Amino acid sequence: QVQLVESGGGLVQAGGSLRLSCAASGRTFSNDAMGWFRQAPGKEREIVAAINWSGASTYYVDSVKGRFTISRDNAKNQVYLQMNSLKPEDTAVYYCARSVYSSRSSYTKRDFGSWGQGTQVTVSS
């Protein structure tokens, strides 16, 4: 059974930084691409970033390019999201997700089969 547990959310002022972590357990972590999604109140869940099985390939939604960095440590079964220059519009619940694929050129929600419980990120203006 795959389990994903996020941590690192919180309240930060605009322009600040946060680092989210996701601990994975279950089947072999290094086989699968991983992703971070977010969902703001009243909005659809959207992909923020994804990383392939080895960490060599990453994907970002346009709104976070240059500000967010996704990375992974396969030895520790962890995936991270470093968020810099945060904006109030980044406020959302952030979810870690595990893909059913090892690598894709781009990602959608349908590519992910396991989800964490989410962690709240609030950016004040």
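Quick note: structure is the one above.
I will try to describe carefully the structure that is included in this document. Just so it is clear, the model here is predicted, and its values are computed rather than measured.

Comments concerning the side chain of Arg-67
Here's step 1: Residue position: Arg-67 is located in the loop between strand 6 (58-60) and strand 7 (68-73).
Here's step 2: Polar side-chain contacts of Arg-67 include one of 2.9 Å to the backbone oxygen of Ser-85.
Here's step 3: Within the structure, Arg-67 has its side chain in polar contact with the side chain of Asp-90 (distance 2.7 Å).
Here's step 4: Not counting residues up to four positions away in its chain, the partners in contact with Arg-67 are Gln-82, Met-83, Asn-84, Ser-85, Leu-86, Lys-87 and Asp-90.

Regarding the packing of aromatic side chains
Here's step 1: On inspection of all chains with the given rule, the structure shows five aromatic pairs.
Here's step 2: An aromatic cluster of at least three residues, connected via ring pairs, comprises Phe-37, Tyr-59, Tyr-107, Phe-112 and Trp-115.
Here's step 3: Here the guanidinium or amino end of Arg-19 rests over the ring plane of Tyr-80, the centre of that ring lying 4.1 Å away.
Here's step 4: One cation-aromatic arrangement involves Arg-45 over Trp-115; the distance from NZ or CZ to the ring centre is 5.0 Å.

Observations concerning the state of the cysteines
Here's step 1: Considering all chains together, one arrives at one disulfide under this definition.
Here's step 2: Paired by a disulfide, Cys-22 and Cys-96 hold their sulfur atoms 2.1 Å apart. Taking the sign of the S-S torsion, about -80° here, the bridge from Cys-22 to Cys-96 comes out left-handed. One end of the pair, Cys-22, is in strand 3 (residues 18-25); the other, Cys-96, is in strand 9 (residues 92-99), and 74 residues separate them in sequence.
Here's step 3: The class of Cys-22 is buried, set by a relative accessible area of 0%.

Thresholds applied
Note on numbering: residues in each chain are counted from 1, in written sequence order. The model is predicted, so local features are restricted to residues of pLDDT at least 70 and side-chain atom pairs to those at 80 or more, both for listing and for counting; the totals for chains, interfaces and linings are taken over all residues. Side-chain descriptors were evaluated using all non-hydrogen atoms of the structure, hydrogens and water having been removed beforehand. Starting at the N terminus, helices and strands are each numbered in turn, a helix being any DSSP run of H or I of at least four residues and a strand any DSSP run of E of at least two. Any N or O atom pair separated by 3.5 Å or less is treated as a polar contact, with the protein-specific requirement of one donor-capable and one acceptor-capable atom, and with residues adjacent in sequence counted only for side-chain atom pairs. Here, two residues are considered to be in contact whenever any of their heavy atoms come within 4.5 Å of each other. Between rings of Phe, Tyr and Trp, where Trp is taken as its six-membered ring, a pair exists when centres lie within 6.5 Å; planes separated by under 30 degrees are stacked, by over 60 edge-to-face, and by other angles tilted. Our definition puts a charge over a ring when NZ of Lys or CZ of Arg is within 6 Å of the ring centre and also within 35 degrees of the ring normal. Two cysteine sulfurs form a disulfide in these notes if their separation is within 2.5 Å. Summary of the burial criterion: residues with accessible area below 20% of their type's maximum are buried, those above 50% are exposed, and those between are partly exposed, where the area comes from a 1.4 Å probe applied to protein chains only.

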